[in-house]
Each structure stands twice: as structure tokens, then as C-alpha cells.
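# Examining the three-dimensional arrangement
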Amino acid sequence: MAEKPDIKFMFEPRSVAVIGASSKQEKIGYKVLRNIVGGGFQGRIYPINPGGGMILDKVAFKSVDEIDDEIDLGIVSIPAKYTFDAVKECADKGVKYLAIITSGFSEVGKIKEEQEIVDYCAERGTRVIGPNIIGVYTSAVSLNATFGPRDVNTGNVAIITQSGALGIAMMGKTKVMNIGLSALVSCGNKADVDEAEMLEYLIDDDSTRAIMMYIEGVKNGDRLVPVLKRATRKKPVVVIKSGSSKRGAVAAASHTGSLAGSDAVFSDIMAQCGVIRAESIDEALRWCKYLASSSEPCGKNAVIITNGGGMGVLATDACEKYNVQLYDDLDVLKKAFAMSVPEFGSTKNPVDITGQATLDDYENALEAAAARDDIHSIICLGCETATMDAERLLVSLDKFNRKHGKVKPAVFSFFGGAMIENAISNLMTRGVPIFYDVYEAVGALGVLYEFSRTLHREPDDDNVTAESLGVDVPAIEEIIKKVRADNRLFLLSYESAALMSAAGIRMPQNAIAHNSEEAVRAAEQIGYPVVMKVVSKDIIHKSDAGGVALDLLNTKEVEDAYDAIMYNCKKYKSDALIEGVEIAEQVKPGTETIIGARIDHSFGPTVMFGLGGIYVEVMKDVAFRAFPLGRKEALAMISEIKSYPLLLGVRGEKRKDINLLVDAILKVGAILYSIKDISDIEINPLIAYDEGDGAIALDARILLKPQQ
Ligand code: ACO
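Residues numbered from 1 in each chain as written. Predicted model: local features only at pLDDT ≥ 70, side-chain atom pairs only at ≥ 80, totals over all residues. Heavy atoms only, no water.

With that settled, the discussion passes to the overall build of the protein. For the protein, the count of helices and strands is 25 helices and 29 strands. Taking all 708 residues of the protein together, 55% fall into the buried category. In the protein, the share of contacts with a sequence separation of at least 24, taken over all contacts with a separation of at least 6, comes to 72%. As displayed, the protein offers around 30300 Å² of accessible surface, 51% of which is attributable to carbon and sulfur atoms. A distance of 4 Å separates the average location of the 79 positive side-chain charges in the protein from that of its 98 negative side-chain charges. (Helix = DSSP H or I, 4+ residues; strand = E, 2+ residues; numbered from the N terminus. Buried < 20%, exposed > 50% of the residue type's maximum accessible area, 1.4 Å probe, protein only. Contact = heavy atoms within 4.5 Å. Areas by Shrake-Rupley, 256 points an atom, 1.4 Å probe, with all protein chains shown as cover. Lys, Arg positive; Asp, Glu negative; His and termini not counted. Charge placed at Lys NZ, Arg CZ, Asp CG, Glu CD.)

The following block contains the structure:
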């Protein structure tokens, strides 16, 4: 394997070759070259075409071999059947990056053909972008090597898109929305270079202030997660994801698996990384535009200035939705806005300057808000009235934005007829953060606050290992070895109990009985009441088979239960091999939780926590995280489920042992992470008791990966 070239050669190439450059205007090879030349690329341009000659006033070479120069980036736009030969020439020549526009590879099942290209290139140190992409746009060297629109606004928003078609559309849309791009790259089939590597470059790219990612599916989530975490410590990342596939969930055998609808996992892991998730492309673009141009608020106090009560109430609702905190020191508000508000208005927040407000009144109120250090952000709203003059509105808001926009975050939304709509679109082109809808305005401010909170999030120590958590890893490995020797992919209940004991997770005391006398002896040793469960690798759903008895209070009940379990199980499955009956301590009630860990097909090791018990799949009150994670994030995970108040204690109950739940989450995650044979661990229920009293696992299901 040759050394990989620096990613900067993809984003800042000094020379570009277009393989498949054409003088026929309808061809993609023509459009790409036209955009490169027309976009004012600062480096050297080499069209490649077997016919040679001149294309767009550039000398065309018959092959890359003829070029007496180093090529940093090659754009390939020839049919799939010729692509491998052309790629070979490029890789042999030492081209650093190859952006393969061509379709017709893994996306149509031609996985082998795609891999052949990647393998050949990897041997020679050439990286492959795509295939099945639109090319590369990067403002660093004024390169538009795409077949999208020629005319692109340069600026501070970078876009990584998996969909090429949407990428092209976004090039046009950003122009209309007056959004400037620092880069727009599509990753297509992600045969080699993936979004994580592109993101790595953008983290340190000074011209990029906000990053938008359009994702259809994550291939190497365990690589993407740490990069996203690093990125959001520096600049906002807004993600839009389509295609919430349930395939992985259906395939998984355990409860954890079926709860892990990939979209829920994706959402929770994005939040873990500090990524902002948008619901539509339009929303994502609006947010990125605002995030790229706004400064961080110095504090949480927002004020609403409005000439209409209704708009003010709508904005108040939106503030709750987007977690924007309204300043509520009534004395300060009165002092600040008394001069701008008539007697029948209100200086409370929303500050209502009333329907008679003129633009002078708006200017006064805005200046009053800007002047105060304890007001940290402004939401300025307006309904069209006869006292509003469009020209003045333009001038006032533009002037205010120029004067204060860089230091005091503000958003504007005005509502009315053609005059207002024209003013809004005019102000947008001047870079004023104005929106057609109140919710859009408050939403933008909300994500600015969200990003600010991410920036100041205390770092979590995710250096946890099974050993550091006191897990006896060799003991677990020994258990797994025996299960493998028995050719099973699941652990029997006594093996799961032994694994839990090695993990330091308490389970009820238990013993295996092979006849009714042994059952009674065990019950007396453990102490009544006890529960009894059949032990058989042929019976997985014990309750369905009548293999479980609860609340057994004395010798007679244990004897009867033993006979009943044997009878029921034989009837349920006459050829089942029954190894005995487990006698276990019956535990006292507490709050039932569920903890799981599994290998997610996109993100690798993930953990789940939620409200447990038999209704877990109905309630779906669970949270997911990618592993590794530290105590802070495990606690965040616990506190984000809807039933969290139950753990804090309701109606005079005591707080539950949340610390122990954090330990248990970290332990199951760390076991899955370090013992590669295990694919799923699920403890349900894990009964949480009052603080200091710990928790007890009633059932643990552990599955192994099939052996290669
Ligand atoms: N080296 C250099 N040039 C070559 C080579 C070679 N080895 N082989 C052929 N060429 C030349 C051809 O002679 C032709 O030039 P000419 O017009 O002067 O004759 C040029 O390269 C292009 O070759 P064509 O055979 O004409 O191929 P065409 O342009 O029709 O199609 C393309 C190539 C665009 C790559 C097509 O195969 C394809 O994959 N289209 C889909 C692209 C796409 O959508 N990508 C995904 C983007 S995402 C989205 O959804 C939008």
C-alpha cells in the first residue's frame, strides 16, 4: 500500500486533468471543463481526449502520460466500461486524487468493478472520490470541477453531499438564497474517500464557517463519529438525513435490535456529536447561512421586539420549541424600552411597540436592545401597517445589521403583502438575517444557541475500558470459549449470569436443580420467596413454554412448580434437552430499566438505555449512543428519556441509583467493545433501587457473532 496523499490536494489542487474532456457542448466532459476554465481556476488545466486538438482554447492531451507535470486532481468523465483503463493510467502517472463522475458501479451492483479501481489506486497512492459524483467545487483555488451551474457564490458554507443530483441543485439554490460556498463535494458511492476525511479538511479550513452534510447512509460511523465530535468543537455542522432504513433493526434478534430503528440511532448519535439535525434541505441551508455569518451570543438573554401581539406570542412559542431563553428581568426591560414603547404597549418580553410603531420606534427599540450588555440576542418582528415604509425598512434593518450584526446576534421576520415580501428578499441579498416566517427566524437563533452550547460543553472522558471499570475480561473470555465449543451463538442463563457476575452487575442468587429435592434445598438456602425457570438451550422463550414460576413461598410450592415446569416443557417441545431448573431469589420491585449494547451496522458498537420491562417495545422510551462514551454522556443519555422523572423519584419516592446505571451502561458498552465475539448484550429488566441501594439484573441475553 503506498502512502496516502494529503487531503489538501483534493481541496487545493495545483493542477487538474479532465479525462473525457469534450468539445461537444452537451457532454458532461465539456461542461466540467467549461466550469473549470470559466470559474477562473488558479492552477494548471489539462483536458484529456483521445482525439487531441484544442478544447475550449486549451491543448488537449491524448493521454495523461503525455503531460509533463504532476497532477493533483483528475476528473473522470468517460463511460464505466473504459474507466478502469483510464484510472490505471492516472494511478501509474501518480495522480493524487481521482474524482470519478461516472455512474454504473456499486450503485448498480458492480461492486467488484468498483473495488478493482480502489485496490489498483491504493497500491499506487491514488485516492478515489466517488464514483457516481458531480465532481468537486472548492473556492480555495476557485475550482468548479463539476457539471453543475457555472456561477457559484463564494463564501463560508461547505457542503458534503452523498447525492450528486441534490448537490447540483444546491449549487443553484445557494445562489438564489445568497449563500456563499467555500466547498461543495459529493461523495457518491464512497468507495474510498468518505465524508469523514472530507470533514477532516473542512475542520481546519479557515474559509469554512459552517458545514452542511446531506447523508443517505453511514458506512463507517465509527470513523465518522470522532471526526464529527472534533468538528463541532470548532464550527457548526448541520446534517440532513434521508432514508431511515429499518433493515438493520429487522435483522437483529434482540429487543435492542428491534428498537434500534436506524433513524433513532442516527438522531441520538448526531446529538452526541453536537451535530444539528435539520428536517429539510431548505431549513439546513437557512441555518448554515445564519450560522456562517453570525457571532456567538455572549449569553442566553433574548428579547422579542414586535409591533403585533400575535407575532410576539408566536415567537414566544417558537422560543420554547427551539430552546431560546427570553430575558425576564422586568425592571431592566422597563428601563431599556420605556422610551420606545407607548403607554398602551408593553415593555415585558415580548416588547410590544404596538401597531402604531414607526420605523423610528423600531430603530429606537433596536438601539436600546443593542446598547445593553445584559441583552444578548434580539428577535425583531413586524406586521405590515400603514406606518411602515418599505424604503425605510430596508435602510433601517440594513443599517442596524451593519452596525451591530457582528457583535449582537439578531434575527428579523416581517409579515405582510408584496411590499414586505420584496423588502425581505432585498434585505436577504444584503446579508440581513431576515426570514419569511417567525419560526424560521427563531429556529435560526435557536441553532446558534445550540452550537454555542456545544462549543462550551465540558469534554467527556471517554477513555473507559472494561478493565478500568473492574470487569473481569479473562473470565468472560473463558465463558465465551465454552459457548463457542458448544457451537452456540447465545449464552444460557447461567452463563449470562456468570458473565454479569464477571462484569460486577448483580443478578439474583441462583442455583440449578436436577430434581425436586435439590430444588427445595436450593430454595431454602437462597430464602423464600423464590422464582424457578427451566434451563434448556432448546427453549428460548421460557414463559411461552410454561417454564417459569414466580412467587414460590414454601417447600410445597417449589415441589409443585418443579413438576409443573417439567411437564409443561416436555409438552411444549417433546425433544427438548432439559438441563435442569434454575431456582433464584425473587427480587423486590423497583424501577425497571433496560440496558443494551450491540454492533450497529452503520456506527459499530452502540449502547442503549431506557425504560425497561415488558412494554419496552411499545413505549420505545430509549436513548442510543455510539461507544466509546464517558460518564457525562451516559448520564445525558439517561436524563433524555421521557421517563427520567421516574428515576429522579416522583410522589415522595427517592431518587434511584443513577450512578450505578451509568456504570452499567459503560460496562456493557465496554464489554461489547473489547470482546469482539459478542454482538449483543441486553439486560431487561435492570431494576433500579433507591440511591445507594444499587440495581439488580433480572435477565440478560447475550448473543455472539457468527464465526467467520
Ligand atoms: N480518456 C480520455 N477521453 C476519453 C477516453 C479516455 N480513456 N475514452 C473516451 N474518451 C472521450 C470520448 O471520446 C468523449 O469525447 P468526444 O466527445 O470528443 O468523443 C468523451 O471522453 C466522453 O466519452 P463518451 O463516450 O462520449 O461518454 P459520455 O460523455 O456520453 O458519458 C459519462 C460519460 C457522463 C461519465 C457517463 O458514462 C455517465 O456515467 N453519466 C452519468 C453521470 C452521473 O450522473 N454521475 C453521477 C452524478 S450524481 C447525479 O445523480 C447527478
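Close contacts around the ligand come from 20 residues, with Ser 22, Lys 27, Asn 49, Ile 101 and Ser 103 the closest. Residue classes in the shell around the ligand are distributed as 10 nonpolar, eight polar and two charged. (Near = heavy atom within 4 Å. Nonpolar A, V, L, I, M, F, W, Y, C, P; charged D, E, K, R; others polar.)

Of all hydrophobic cores here, the largest spans 61 residues; its most connected members are Ile 129 and Met 213. Of all the elements, helix α6 (residues 195–203) adds the most residues to this core, at six residues. Dropping the residues within four chain positions of it, Ile 129 is found in contact with Met 10, Leu 73, Tyr 97, Leu 98, Ala 99, Ile 100, Val 136, Ser 186, Val 193 and Met 198. Listed in part, the 51 residues of the second largest apolar core include Ile 476, Ala 597, Leu 661 and Ile 678. (Core = buried A, V, L, I, M, F, W, Y, C linked by side-chain atoms within 4.5 Å.)

A few words now on the sheet that holds strand β6 (residues 97–100). Strand order in this open sheet of five strands is β2-β1-β5-β6-β7, and the pairing throughout is parallel. Each edge of the sheet is formed by a strand with only one pairing partner; in this case those strands are β2 (44–48) and β7 (127–129). Strand-to-strand twist in this sheet, taken as the mean axis angle between neighbours without regard to direction, amounts to 20°. Two elements, strand β5 (residues 73–76) and β6, share four bridges in a ladder whose sense is parallel. (Pairing = 2+ DSSP bridges. Axes fitted to C-alpha atoms, helices over the stretch in contact; angles between N-to-C directions.)

Moving on to a negative patch on the surface. The grouping of Glu 113, Glu 116, Asp 119 and Glu 123 at the surface amounts to a negative patch. Along the chain, the position of Glu 116 falls in helix α4 (residues 111–124). Taking relative accessible area as the criterion, Glu 116 reaches 36% and is therefore assigned partly exposed. (Patch = residues over 30% accessible without salt bridge, like charges linked within 9 Å, V, L, I, M, F, W, Y side chains within 5 Å. Salt bridge = Lys/Arg side-chain N within 4 Å of Asp/Glu carboxyl O.)

Here the structure, examined in full by the defined rule, presents eight aromatic pairs. Each ring, one from Phe 11 and one from Tyr 201, has its centre 4.2 Å from the other, and the planes form 0°; the classification is stacked. Of this pair, Phe 11 sits in helix α1 (residues 8–11) while Tyr 201 sits in helix α6, and the two are 190 residues apart along the sequence. An angle of 85° between the planes, with centres 6.3 Å apart, marks the rings of Phe 400 and Phe 412 as edge-to-face. Placement of the pair is Phe 400 in helix α15 (residues 390–404) and Phe 412 in strand β18 (residues 410–415), with a sequence separation of 12 residues. Given a relative accessible area of 5%, Phe 400 falls into the buried group. Phe 412 sits in the buried class, given a relative accessible area of 0%. One Lys or Arg, Lys 241, reaches over the ring of Phe 266 and ends 5.2 Å from the middle of that ring. (Phe/Tyr/Trp six-rings, centres within 6.5 Å; stacked < 30°, edge-to-face > 60°. Lys NZ or Arg CZ within 6 Å of the ring centre and 35° of its normal.)

Taken together, the side chains of Ile 614, Tyr 615, Val 618 and Met 619 define a hydrophobic patch exposed on the protein surface, amounting to about 520 Å² of accessible area. Within the fold, Tyr 615 resides in the loop between β25 (604–611) and α22 (616–619). When its relative accessible area of 56% is taken as the criterion, Tyr 615 is described as exposed.

This part covers the domain arrangement of the protein. The domains assigned to the protein are domain 1 (1–132), domain 2 (151–293), domain 3 (299–455), domain 4 (473–585) and domain 5 (591–704). Between the C-alpha centres of domain 1 and domain 5 the distance comes to 49 Å. (Domains from an automatic or database assignment.)

Another aspect to go through is the sheet that holds strand β19 (residues 434–435). On the basis of which strands lie adjacent, the open sheet formed by five strands has the order β16-β15-β17-β18-β19 and parallel pairing. If you trace the sheet from one side to the other, it starts and ends with β16 (351–352) and β19, each paired once. Of the strand pairs in this sheet, strand β17 (residues 377–383) and β18 are connected by six bridges, and their pairing is parallel. In the strand pairing of β18, Gly 382 is matched with Phe 414. Packing against the sheet, helix α14 (residues 359–371) makes contact with β15 (302–306), β17 and β18, and its axis sits at approximately 170° to β17.

Moving on, we get to the packing of helix α20 (residues 516–526) against helix α21 (residues 555–572). The geometry of α20 relative to α21 is characterised by a closest axis approach of 9 Å and an angle of 135° between their N-to-C directions. In terms of their interaxial angle, α20 and α21 are classed as oblique. In this structure, the crossing between α20 and α21 has a hand that is right-handed. Packed against α20, whose contacting residues are Ser 516, Ala 519, Val 520, Ala 523 and Glu 524, the element α21 presents Thr 555, Val 558, Glu 559 and Tyr 562 at the interface. Across the contact of α20 with α21, the residue classes tally to five nonpolar, two polar and two charged. (Parallel < 35°, antiparallel > 145°, perpendicular 65-115°, else oblique. Left-handed = near helix turned anticlockwise from the far one by under 90°.)

For helix α11 (residues 281–293), with 13 residues, the first-to-last C-alpha span of 18 Å sits near the 18 Å given by 1.5 Å per residue. Taken together, the buried positions of α11 are Glu 283, Ala 284, Leu 285, Arg 286, Trp 287, Cys 288, Tyr 290, Leu 291 and Ala 292. (Expected span 1.5 Å × (residues − 1).)

With that settled, the discussion passes to the pairing of strand β8 (residues 135–138). Alternating residues of β8 divide into Gly 135 and Tyr 137 and Val 136 and Thr 138, and every residue in both groups is buried. Two elements, β8 and strand β9 (residues 143–146), share four bridges in a ladder whose sense is antiparallel. Opposite Val 136, over in β9, you have Ala 145 as the bridge partner. Once β8 ends, the chain turns through four residues before running back antiparallel as β9, passing Ser 142 with a positive phi of about 50°. Across three bridges, the pairing between β8 and strand β11 (residues 181–186) is antiparallel.

Right, let's get into the pattern of salt bridges. Oppositely charged side chains can pair when the atoms bearing their charge come close. The final tally for this structure, using the stated rule, is 39 salt bridges. Across the pair Arg 124 and Asp 92 runs a salt bridge, and its minimum N-O distance is 3.1 Å. One end of the pair, Arg 124, is in helix α4; the other, Asp 92, is in helix α3 (residues 80–93), and 32 residues separate them in sequence. Judged by its relative accessible area of 35%, Arg 124 is partly exposed. Notably, a salt bridge pairs Arg 223 with Asp 194, separated by 2.3 Å at the nearest N-O pair. One end of the pair, Arg 223, is in helix α7 (residues 221–232); the other, Asp 194, is in the loop between β11 and α6, with 29 residues separating them in the sequence. Take Arg 223: its relative accessible area is 42%, and that puts it in the partly exposed class. Through salt bridges with shared partners, one network takes in Arg 14, Glu 70, Asp 72 and Lys 96.

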